[in-house]
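Understanding the architecture of this molecule
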Amino acid sequence: MKYITTLLFFLLCSFLAHGQGTFPPSFFEGKSIVLVSNDPGARPIITWQTLADSIHPFLVRAGGDPVAYYELEQVALSAERQAEYAKAFLQRQIQNVILITRQKEQTSIHVGKFSGDGKLIAEANLSGVSSKDWKSAAQQFAGYGSTTSTKNLLVPDLAEFPLLVAQTATSSAQKFIPRNPLNLEVFRLGIPLEGTSAVTGPINTFRYPAFGKSPETLLAEQGEQKRGLEEIFTSTYPHELAWLTEAKSNPQLIADRIQFVLVKVEGRQVDLMKSMGLEPLTGEDGNKIVVKYYIRFLVREELYLGPVWDAHPDWRIALSQFLDNLKK
């Protein structure tokens, strides 16, 4: 029996050390917000709120204090939206971010320290567990957390879904301008490549379509994306551009004659339009997952949507339409 216990302890430590690490100390002594990404194609069909309700007791049993739940896709709509949530989380003295990713073949739960800025977490390599379904993943998570004593005592009994950014969403929407920017012919347009640090940040890697992809797959997708972008820009965009593969500050970009940056966002059409201060489409069109491009003007932090709403489920069509509308 002694040897079996020793072996189990060794296996547990090996699991936590293998690319996972241990739960951050702040998990056991501070508030956590939970971001849920739920694949609608997973079976049985459940909403993300139902998933949150089901997993909440296990997060508490692990020693956490999960005070609020949000849909990851809503939070990650854009860098501007992430920054608004970050401000609200700072006001609530949040210390940790828990990410739940439910896919067709597995469910994963990870936890990291809140970064205090718009990235929300500093890196994608977080402590966590994965299993074939939500219940077994939740049980594993609770088991690993229970090995450490917690200072979180007055925790909520049920999952809560507060509208934390209801007041700040309007200020974000006011930055969006439904027309084209001026002087595109004078300065270079920066094009961030997905899968690189130039794009919004690590929480996007926990969305259900992206989670678990190998570095080789990401590199292949990045190469394919760049080829597709070059083809579209060569035939449509007459001005100078620059490929961005690493994160740079606004002053660094401006010093390199890059005053405009192309931004790609993806989400439900109704959510995107609301976040940009537009009257949203309803019904089936509103519920479509679409891609929308816009241009960020770095000098004044203005966001130009273009004169026409040109989002589309296919990113190639969305980009082509956006570039065509830049000529208007």
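That block above? That's the structure.
Predicted, not measured: the structure shown is a model, and the values here were computed from it.

Considerations on the overall build of the protein chain
- Regarding its fold elements, the protein chain presents 11 helices and 11 strands.
- The 328 residues of the protein chain split such that 46% are buried.
- Taking all contacts inside the protein chain whose residues are at least 6 apart in sequence as the whole, residues at least 24 apart take part in 74%.
- Only carbon and sulfur atoms are counted for the fraction: they give 55% of the accessible area of the protein chain, which is about 16,500 Å².

So, the packing of aromatic side chains
- Per the stated rule, a full pass over the model turns up 16 aromatic pairs.
- A centroid spacing of 5.7 Å and a plane angle of 80 degrees characterise the contact between F233 and Y237, whose relative ring orientation is edge-to-face. Neither residue differs from the other here; F233 and Y237 are each classed as buried.
- Ring pairing ties together the aromatic residues F23, F27, F28 and F141, which thus form one cluster.
- Positioned above the aromatic ring of W309, the side-chain terminus of K292 is 5.7 Å from the ring centre.

A closer look at the environment of N180
- Mapped onto the fold, N180 is located in the loop between β6 (176-177) and β7 (188-192).
- Taking the C-alpha atoms as reference points, N180 and K328, separated by 148 residues in sequence, lie 7.9 Å from one another.
- The residues touching N180, leaving out its near neighbours within four places in the chain, are Y304, G306, P307, N325, L326, K327 and K328.
- Reaching out from N180, the side chain makes a polar contact with the backbone oxygen of L326 at a distance of 3.3 Å.
- Separated by 3.0 Å, the side chain of N180 and the backbone oxygen of K328 make a polar contact.

Observations concerning the pattern of salt bridges
- Within the structure shown, the criterion is met by 13 salt bridges.
- In this structure, E301 engages R296 in a salt bridge whose closest nitrogen and oxygen atoms are separated by 3.9 Å.
- For the salt bridge of D324 with K327, the shortest nitrogen-to-oxygen distance reads 3.7 Å.
- The class for D324 is partly exposed, based on a relative accessible area of 39%.
- A relative accessible area of 57% means that K327 is categorised as exposed.
- Through salt bridges that share partners, E71, R268 and D271 make up one connected network.

Thoughts on the nonpolar core
- One finds F27, V36, L59, Y69, I109 and F141 to be the most contacted residues of the largest nonpolar core, which totals 24 residues.
- Of all the elements in the fold, those that place two or more residues in this core are β1 (31-38), α2 (48-61), β3 (94-102), β4 (107-113) and α5 (134-145).
- At six residues, α2 tops the list of elements feeding residues into this core.
- By size, the runner-up hydrophobic cluster in this structure holds 22 residues, among which are F233, F260, Y293 and F297.

Describing the packing of α2 against α5
- The geometry of α2 relative to α5 is characterised by a closest axis approach of 8 Å and an angle of 20 degrees between their N-to-C directions. Taken together, the axis directions place α2 and α5 in an arrangement best described as roughly parallel. Seen from above, α2 lies across α5 with right-handed handedness. Mapping the contact onto sequence places L51, S54, I55, F58, L59 and R61 in α2 and W134, A138, Q139, F141 and A142 in α5.

Considerations on the pairing of strand β5 (residues 127-131)
- Here β5 lies mainly inside the structure; four of its five residues are buried.
- The pairing of β4 with β5 spans five bridges and is classified as antiparallel. Counterpart to S108 in the pairing with β5 is S130.

What counts, and at which threshold
Residues numbered from 1 in each chain as written. Predicted model: local features only at pLDDT ≥ 70, side-chain atom pairs only at ≥ 80, totals over all residues. Heavy atoms only, no water. Helix = DSSP H or I, 4+ residues; strand = E, 2+ residues; numbered from the N terminus. Buried < 20%, exposed > 50% of the residue type's maximum accessible area, 1.4 Å probe, protein only. Contact = heavy atoms within 4.5 Å. Areas by Shrake-Rupley, 256 points an atom, 1.4 Å probe, with all protein chains shown as cover. Phe/Tyr/Trp six-rings, centres within 6.5 Å; stacked < 30°, edge-to-face > 60°. Lys NZ or Arg CZ within 6 Å of the ring centre and 35° of its normal. Polar contact = N/O pair within 3.5 Å; in protein donor to acceptor, adjacent residues only side chain to side chain. Salt bridge = Lys/Arg side-chain N within 4 Å of Asp/Glu carboxyl O. Core = buried A, V, L, I, M, F, W, Y, C linked by side-chain atoms within 4.5 Å. Axes fitted to C-alpha atoms, helices over the stretch in contact; angles between N-to-C directions. Parallel < 35°, antiparallel > 145°, perpendicular 65-115°, else oblique. Left-handed = near helix turned anticlockwise from the far one by under 90°. Pairing = 2+ DSSP bridges.

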